[in-house]
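Fold and contact review
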Amino acid sequence: CERPAQNVVNCDLAYTSVFMRPRSPEIFTDVGFFVMSNARGRGGGLVRMEHGLWLASVAGRYGDYPPRDLPGFMHYAESTGEPLFSELLAQADAVSEPASYRFEQSVRRRFEQLERFPERLLPIGDAICHYNPLYGQGMSAACRQAMALRRTFEQRAVRGEGLDGLWRGFLPDAYQETRAPWLFAALADFRDPRCTGDFPAEEGELIKLLAYAAGQAAAGDPEAFSATMAIRALVAPLESLRQSPWPERLAAASLHGATTSS
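As a starting point, this report considers the structure included with it. Every value quoted in this text rests on a predicted model; they were computed, and no experiment measured them. (Residues numbered from 1 in each chain as written. Predicted model: local features only at pLDDT ≥ 70, side-chain atom pairs only at ≥ 80, totals over all residues. Heavy atoms only, no water.)

Let's shift gears to the overall build of the chain. The helix and strand inventory of the chain stands at seven helices and 10 strands. With the C-alpha coordinates of the chain rotated into their principal frame, the extents come out at 60 × 60 × 35 Å. Out of the 262 residues in the chain, the part that is buried amounts to 42%. Within the chain, residue pairs in contact and separated by at least 24 positions form 70% of the contacts whose partners lie at least 6 positions apart. With an accessible surface of roughly 14,500 Å², the chain has 56% of that area assigned to carbon and sulfur atoms. Between the centroid of the 27 positive side chains of the chain and the centroid of its 32 negative side chains there is a distance of 3 Å. (Helix = DSSP H or I, 4+ residues; strand = E, 2+ residues; numbered from the N terminus. Buried < 20%, exposed > 50% of the residue type's maximum accessible area, 1.4 Å probe, protein only. Contact = heavy atoms within 4.5 Å. Areas by Shrake-Rupley, 256 points an atom, 1.4 Å probe, with all protein chains shown as cover. Lys, Arg positive; Asp, Glu negative; His and termini not counted. Charge placed at Lys NZ, Arg CZ, Asp CG, Glu CD.)

Here it is in structure tokens:
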């Protein structure tokens, strides 16, 4: 069987994490927070864990990777420019060695385009599509693929079909389940001018619909907010934006914009 075509986004993220114990548990009682990337591309985060521990992380991209030693970790955290982050870390003690990870590429394998595939063998999860871990989508996307597999089994059981040919129903469905998280991750990564790879230009119409709905949601439209959040949470498919009222509303907004500009 031939290899599947691939979509690749060179996101190049590296992060270092440390388990820490605060000297006083009362100094931070929220769930956690993220420090968004600054002008240098450095960010971080702090999350409260079990047994009174914190998980502290710092991250960088495209060669500006966080150090793997504790003093370097602390200096890198301070360089994010978020005072609360560095102040909290200064009041805690590391209880683990720093652990580092680098993720160079998001990859989507287009198995659904193949005309031949080994019987009774299926890829799933990261084997089909893996994303920049910064966005926390991998496990949810794998769960959506598992739901697609269940639907495929149920449909074949109703028709009295066995396992042979299972891939023909599952792989296209799994692709549909991964379209939204792949698009969100790619659009976010390509905001950085250093990102290279396969921009999802084939989703141009849906990108316009998504941008319109997101803009309306930000302006306080509850219907647009519900629609975009359902897609981002992987509850609704990306294709749901092609359903009324979004194409009609976008067309009306575009017409109004063209009329106003003229």
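Across all of its chains, the model carries eight aromatic pairs by this definition. Ring centres of Phe 28 and Trp 54 lie 6.2 Å apart, and the angle between their planes is 85°; this geometry places the pair in the edge-to-face category. Of this pair, Phe 28 sits in the loop between strand E2 (13–22) and strand E3 (32–35) while Trp 54 sits in strand E5 (residues 54–61), and the two are 26 residues apart along the sequence. (Phe/Tyr/Trp six-rings, centres within 6.5 Å; stacked < 30°, edge-to-face > 60°.)

What follows covers the pattern of salt bridges. The tally for this structure, following the rule as stated, stands at 20 salt bridges. Of the charged contacts, one joins Glu 104 and Arg 102 as a salt bridge, the two residues approaching to 3.7 Å between their closest N and O atoms. For Glu 104, a relative accessible area of 48% corresponds to the partly exposed category. What makes Arg 102 partly exposed here is its relative accessible area of 41%. (Salt bridge = Lys/Arg side-chain N within 4 Å of Asp/Glu carboxyl O.)

In terms of burial, E2 is largely enclosed, as seven of its 10 residues are buried. The sheet contact formed by E2 and E5 spans eight bridges and is antiparallel. Among the inter-strand pairings, Met 20 is bridged to a residue of E5, identified as Trp 54. Pairing geometry for E2 and strand E7 (residues 99–103), over five bridges, is antiparallel. Across the sheet, Ser 17 pairs through a bridge with Ala 99, a residue of E7. (Pairing = 2+ DSSP bridges.)

Relative placement of two packed helices is described by the angle separating their axes and the distance separating the axes. Their axes nearest at 9 Å, the elements helix H3 (residues 138–159) and helix H4 (residues 166–189) cross at an angle of 150°. By the angle between their directions, the pair H3 and H4 is classed as roughly antiparallel. Of the two elements, H3 crosses H4, and the hand of that crossing is right-handed. Contacts between H3 and H4 involve Ala 141, Arg 144, Gln 145, Ala 148, Leu 149, Arg 151, Thr 152, Phe 153 and Arg 156 from the first element and Leu 166, Gly 169, Phe 170, Asp 173, Ala 174, Glu 177, Thr 178 and Pro 181 from the second. Classifying every residue of the contact of H3 with H4 by side-chain character gives eight nonpolar, four polar and five charged. (Axes fitted to C-alpha atoms, helices over the stretch in contact; angles between N-to-C directions. Parallel < 35°, antiparallel > 145°, perpendicular 65-115°, else oblique. Left-handed = near helix turned anticlockwise from the far one by under 90°. Nonpolar A, V, L, I, M, F, W, Y, C, P; charged D, E, K, R; others polar.)

Along the chain, Gly 44 falls in strand E4 (residues 43–48). Gly 44 sits in the buried class, given a relative accessible area of 13%. Expressed as a C-alpha distance, the spacing of Gly 44 and Ser 57, which sit 13 residues apart in the sequence, is 5.2 Å. For Gly 44, the contacting residues outside a window of four places in its chain are Phe 34, Val 35, Ser 57, Val 58 and Phe 85.

Let's shift gears to the pairing of strand E1 (residues 6–10). As judged from the four bridges shared by E1 and strand E8 (residues 106–109), these two strands associate in the antiparallel manner. Note on E8: the bridge partner recorded for Asn 7 is Arg 108. Judged from the two bridges that link them, E1 and strand E10 (residues 196–197) form a sheet pairing that is antiparallel. When the bridges of E10 are listed, Val 9 appears paired with Gly 197.

Once that is clear, we can look at the environment of Phe 111. Structurally, Phe 111 is set in the loop between E8 and strand E9 (129–130). Taking the C-alpha atoms as reference, Phe 111 lies 34 Å from Ser 17; in sequence the two are 94 residues apart.

Turning our eyes to something else, we now look at the sheet that holds E1. Taken in spatial order, the four strands of this open sheet run E9-E8-E1-E10, and their pairing is antiparallel. What marks the edges here is a single partner per strand, and that holds for E9 and E10. Against the sheet, H4 makes contact with E1, E8 and E9, and its axis sits at roughly 155° relative to E8, the strand it touches most.

Scope: geometric values only; no functional claims are made or implied.
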